[in-house]
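# Structural description and commentary
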Amino acid sequence: MTTWIAIGVTAVGCYLVKLLGLSVPAGVLERPLVRRLAALLPVALLAALTAQQTFSEGRHLLLDARAAGLGAAALALVLRAPFLVVVAVAVVVTAGVRAL
């Protein structure tokens, strides 16, 4: 039952945050600092989530096949590979390291 309560509270919280965002005056949203934060914050949060999911297991630091796949994907990005190639490289390297 507590799971459903948590889901309900989260849904109401998301709705309230969305409502709060819609009630912000347009003048505030046009400020350069707000525009810059709106552009950079999702990227930073996604990068942090990716790092946390890749390099941790519970409360411990973990370096395994996922780290190798992420490194290979980063290298493919540096080489300016298309997105699907980046994903494919990450998958192949991760699978290869796990097979070893």
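In the annotation of an unreviewed UniProt entry, the entry for the protein chain reads Branched-chain amino acid transport, and the organism field reads Streptomyces malaysiensis.

The next thing to look at is the UniProt feature "transmembrane region" (unreviewed entry) in the protein chain. The UniProt feature table records "transmembrane region" (unreviewed entry) at residues 6–25, 37–55 and 67–97. Taken end to end, residues 37–55 is 100% helix and 0% strand, and its two terminal C-alpha atoms sit 26 Å from one another. Secondary structure content for residues 67–97 is 87% helix and 0% strand, and the end C-alpha separation is 10 Å.

Right, let's talk about the pattern of salt bridges for a bit. Tallied over the entire structure, the rule returns two salt bridges. A salt bridge links Arg-35 to Glu-30, with the nearest nitrogen and oxygen atoms 3.0 Å apart.

Here the focus is the packing of helix H4 (residues 65–78) against helix H5 (residues 83–99). Two measures define how a pair of helices packs: the angle their axes make with one another and the distance between the axes. Orientation of H4 relative to H5, taken along the N-to-C sense of each, is 150 degrees, at an axis distance of 8 Å. Relative to H5, the element H4 is oriented roughly antiparallel. For the pair H4 and H5, the sense of crossing is right-handed. Across the interface between the two elements, Ala-65, Arg-66, Ala-68, Gly-69, Ala-72, Ala-73, Ala-76 and Leu-77 of H4 pack against Val-86, Val-89, Ala-90, Val-93, Thr-94, Val-97 and Arg-98 of H5. Across the contact of H4 with H5, the residue classes break down as 11 nonpolar, two polar and two charged.

Definitions and cut-offs
Residues numbered from 1 in each chain as written. Predicted model: local features only at pLDDT ≥ 70, side-chain atom pairs only at ≥ 80, totals over all residues. Heavy atoms only, no water. UniProt positions renumbered as here; feature names shortened; annotations may be inferred. Helix = DSSP H or I, 4+ residues; strand = E, 2+ residues; numbered from the N terminus. Salt bridge = Lys/Arg side-chain N within 4 Å of Asp/Glu carboxyl O. Axes fitted to C-alpha atoms, helices over the stretch in contact; angles between N-to-C directions. Parallel < 35°, antiparallel > 145°, perpendicular 65-115°, else oblique. Left-handed = near helix turned anticlockwise from the far one by under 90°. Contact = heavy atoms within 4.5 Å. Nonpolar A, V, L, I, M, F, W, Y, C, P; charged D, E, K, R; others polar.

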